[in-house]
Amino acid sequence: MMRRNDNYLPVPGEDKNLDVDFNGTSKSKESIPMKNLYADDGSPLYPRLGPYFSDGQRRVDYVLAYHIQKPSSIRRPSSRFGDNNFIQRLRRSMSMRSSRAPLQPKEDPEIAAQKQRTDYHEDDKRFRREEFEENLLETGLELEKDEGSKIPGIGFLKIHAPWKVLCREAEFMKLKMPTKKVYEVKQGSNLVEKIRLFIHKVTAPLHPKVDANRPQSVKSLSHPFSREKQHLFDLSDRDKFFDTKTRSSIVYEVLKRTRCTRAKYSMGITSLLANGVYTSAYPLHDGEIEGINAEPNDRKLLYEEWASYSVFYKYQPIGLIRKYFGEKVGLYFAWLGVYTQMLIPAAIVGVIVFLYGCATVDDNIPSMEICDHRNNITMCPLCDRACSYWKLVTACGTARASHLFDNPATVFFSIFMALWAVLFMEHWKRRQMRLNYVWDLTGFGEEEEDHNRAEYEFRVMQKTLKHEHSTPKGEKVKLTCTDRMPAYLTTVVMMGFLIAVTFAIVFGVILYRISIKAALHMSNYPAARSNIRATVKTTAAIINLIIIIILDEIYAAIARWLTTLEVPKTDKSFEERLIFKTFILKFVNAFTPIVYLAFFRGRLVGRPGNYLYVVGSYRMEECAHAGCLMELCIQLCITMLGKQLIQNNLFEIGIPKLKKLLRRRKSELDSKQEEELNKTLQRHERDHILGPFVGLSPEYMEMIIQFGMVTLFVASFPLAPLFALLNNIIEIRLDAKKFVMELRRPIAAKAKDIGIWYNLLRGLSKVAVIVNAFVISFTSDFIPRLVYQYMYSPDGTMHGFVNHTLSYFNVSDFQPGTAPLQPMHLGYKVDVCRYKDYREPPWSTTPYELSKEFWAILAARLAFVIVFQNAVMLMSDFVDWLIPDIPKDISLQMHKEKILMVELFMKEEQGKRLAAWDNHNQDNCTSPSSANESPPQPRSRPVSNANCC
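Here goes a summary of the coordinates provided. Predicted model only: the values in this text are computed from it and were never measured.

Conventions we followed
- Residues numbered from 1 in each chain as written.
- Predicted model: local features only at pLDDT ≥ 70, side-chain atom pairs only at ≥ 80, totals over all residues.
- Heavy atoms only, no water.
- Salt bridge = Lys/Arg side-chain N within 4 Å of Asp/Glu carboxyl O.
- Buried < 20%, exposed > 50% of the residue type's maximum accessible area, 1.4 Å probe, protein only.
- Pairing = 2+ DSSP bridges.
- Helix = DSSP H or I, 4+ residues; strand = E, 2+ residues; numbered from the N terminus.
- Axes fitted to C-alpha atoms, helices over the stretch in contact; angles between N-to-C directions.
- Contact = heavy atoms within 4.5 Å.
- Disulfide = S-S within 2.5 Å.
- Parallel < 35°, antiparallel > 145°, perpendicular 65-115°, else oblique.
- Left-handed = near helix turned anticlockwise from the far one by under 90°.
- Nonpolar A, V, L, I, M, F, W, Y, C, P; charged D, E, K, R; others polar.

What to know about the pattern of salt bridges
Working step 1: In the structure shown here, the tally under the stated rule is 40 salt bridges.
Working step 2: Of the charged contacts in the structure, one is a salt bridge between Asp 55 and Arg 58, with a shortest N-O distance of 2.9 Å.
Working step 3: Residue Arg 58 is classed as buried on the basis of its relative accessible area of 15%.
Working step 4: Its salt-bridge partner being Lys 314, residue Glu 305 comes within 3.8 Å of it at the nearest N-O pair. Lys 314 carries the same exposure label as Glu 305, and that label is buried.
Working step 5: Sharing partners across several salt bridges, the network here consists of Glu 426, Lys 429, Arg 762, Asp 880 and Asp 885.

Here it is in structure tokens:
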């Protein structure tokens, strides 16, 4: 039972009579509900200024919210946890579904019949809260309840950490705090540092107006906080020594360590949240953003200098983001900023490559030959029966458009992007080390205790209750691989099934393209027949986009469900397993259609008279004469733009506004009344309405997929970096607005790096080299053009290249039932048609067999892949070796810090020795006058009265 404590807010004498139980007995020893602190009109009896207790002095460092029954409901007499009936009641309470929604009274007779059990369930929650809160009091935290809030059915427990608790926990957590000792930070003198400082001065107008008064050339020495060495720290202003981020982190650590130990099991804050004892737990935002009375605070400054679209051209205030949200969030936005900055040169070079293609399209001999009407080349039908013969000149537009993305500059751009990826990774490593130095994370390690997750504790508790008689006393119960085996098997089977579903859907889109092409060829509508290729390509890409967006949401939910089934022990293990599953599913979902277009379409076709058929009579689709690169480009463009505009931006903007609209419609208040009500809500009530923080994994995941789009198939779409840059400029401000305005403040978590995401980025950058080598070699016509020009061209030019790539087919060799229904479609009889492939003509001794040109080009393609891959990898490794991971000036400053820290402690020890020596001398000076009274001194102490005179 929770006892009264001096930490609780005192109430006037006339209000103490309200502290009675529901059955009329006194509860003077229990916590005081905050409803007693409200007058009859609902106004507070004591003024509250901002995020403070009702006394206006003690700051609210953390808030726990819980459900309370309506005052009109009648609470049944409750019994305490006893040794006899505890297990039965616990099993009964656990068997009932724990919901985060308030238990509303309903008229359903089945619900009415379960009312008794519901009351017991609520009593169980209340008893656990009381024990947990009593244990919090014993740790030194100060608590205040607010059950008279304007949010119906919700009570709040406000937590304040006094100075003694902050000092004790900071020492326990080994938090690095700035000391009084400051030193000058000297800038590097090498060429790289001079260039960096010059760029910093030139871009000064782009820096946010944050921390303008703090000198940049001075830094405080930081040291793990110690109560014994408080004199080393500047404690002149105790209220600001621990900022709000640090205070909430300290309280959260205390919450995680505090347990409910009643009976045979233990429950922490995570288990209490999972079982609905508390519905939410969160630190408070600093203050208001808008309004005349909004006082200056870090949240308002972040909104003005970071979360506003009007400052999209400025750098991010990374230091302030870290100060407010913690190192983990700060590192994410720092990484996103570095990635966006590095996209600028990539976007510029990509635009130049695209403009080069536009400028040289009229000089491209192969496309000129295709568009020349004098070349009367008759092509074989693109489908059986419904399609007829067609003129190659009709592919003129596709050939010219393909040159925009399939030109010699594409090879250069692929090499450039491979080196760009390496430079980006190296730049981020150096930036990360600089942030570690500035944020005093250089000595940070995984020293913190990794607490168990609520679901793990719940499963262990279930296992304990199930085997309570067979388990020896003192033996710690834990989940084994045998316990998790069904979940592991489910995960493997489900992952394989979902990947198979993705392949099946892509195959379904392939069948759609084949069937719709045949249907359009049979159409009597002239416009449909004239734009068959464009219609099929565009609609198929849009269908793929819609499927990708839908499956992304489904796969994310299934991945979380599978990870929950495995019951990982810690949050870190849960996050890593979830990231692994989500990345595999989303990567396969996003890139399977692209991989098919790049490497499989047009290769599993066959030839006229011997085509490859699937699902009965569906003939596998061919590439256009200019290759599949154009279709790959269209698919990439639509997928990338669609995912960024719809999934990343529209969903993030539209879904919160839709939820807000639905909440407003359900509310009985109109917009003006709701606005007035929001003005009267306290800080903890306003933050409760905000959405919960779900972690950074979704933000990282969408950027990793985008990085894959930018690097993996950049040879086919040089404008991808430009689209990514434009998206990220909006994404940064959109995420900033979401963090500052729409989400509860997250727990500040320390981190030295971005973790597993760096390994994924590095792996993608390596795979990108191989993928682009194959795209250039096998998807584009770069290698066939090169081989023709230097091996088969009579004059060393590209004249005759189109004719060289086309083989002959005798129309009398069509299989029965596959010949065109309208053979006279072109107005003349066709005896021989052409198709794109390197095969022997029908009049040769080996008709329709692969020609020697095919094998020569295949050898050249494979040789190019090997040379390109190894050359680019070698250059990448050289750049990686050339650029040090730690900037030289940072390395020197870190070394200087260690020396200064040693000197500081040496001076402190010397001062202690001198003080002890002076005290010893004073004792010796006073010893003759009180020789009879003082105890004898040890022999080991030297006695000197030289300075006594």
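On we go.
Examining the sheet that holds strand E3 (residues 154–160)
Working step 1: Pairing within the open sheet is antiparallel, and its four strands lie in the order E2-E3-E1-E6. Both edges of this open sheet fall to strand E2 (142–146) and strand E6 (280–282), since each of them pairs with a single strand only. Looking at each pair of strands side by side, their axes are set apart by 20 degrees on average, direction ignored.
Working step 2: Here three bridges tie strand E1 (residues 62–67) to E6, and the two strands are oriented antiparallel to one another. Residue pairing for E6: Val 63 is matched across the bridge by Tyr 282.

Notes on helix H10 (residues 318–325)
Working step 1: Summarising burial for H10: six of the eight residues are buried, a large majority.
Working step 2: Turning to H10, its buried residues number three or more, namely Ile 318, Leu 320, Ile 321, Arg 322, Tyr 324 and Phe 325.
Working step 3: Packing partners of the buried residues in H10 comprise helix H7 (244–257), helix H9 (298–305), helix H11 (327–360), helix H14 (408–438) and helix H24 (720–742).
Working step 4: Where H10 ends, the next residue or the one after it, Gly 326, has phi of about 105 degrees, a positive value.

So, the state of the cysteines
Working step 1: The tally for this structure, following the rule as stated, stands at three disulfides.
Working step 2: Covalently, Cys 371 is tied to Cys 396 through a disulfide, its sulfur atoms 1.8 Å apart. Handedness here is read from the sign of the S-S torsion; for Cys 371 and Cys 396, about 95 degrees, the answer is right-handed. Of this pair, Cys 371 sits in helix H12 (residues 365–371) while Cys 396 sits in helix H13 (residues 396–405); the two residues are 25 residues apart in sequence, bridging distant segments of the chain.
Working step 3: Taking the relative accessible area as the measure of exposure, Cys 396 reaches 19% and is therefore buried.
Working step 4: Put simply, Cys 383 and Cys 387 are joined by a disulfide, and their sulfur atoms are 1.6 Å apart. Measuring the twist about the S-S bond at about 95 degrees, one finds the Cys 383-Cys 387 disulfide to be right-handed. One exposure class covers both Cys 383 and Cys 387, and it is buried.
Working step 5: Looking at Cys 633, it has no disulfide partner, and the nearest cysteine sulfur is the one in Cys 637, 6.2 Å off.

With respect to the packing of H11 against helix H23 (residues 697–712)
Working step 1: In contact at an axis separation of 12 Å, H11 and H23 are set at 20 degrees when each is read in the N-to-C sense. With respect to each other, H11 and H23 are oriented roughly parallel. For the crossing formed where H11 meets H23, the hand is left-handed. Contact residues: Leu 331, Tyr 332, Trp 335, Leu 336, Tyr 339 and Leu 343 in H11; Glu 699, Tyr 700, Met 703, Gln 706, Phe 707 and Val 710 in H23.
Working step 2: In terms of residue class, the contact of H11 with H23 is made up of ten nonpolar, one polar and one charged.

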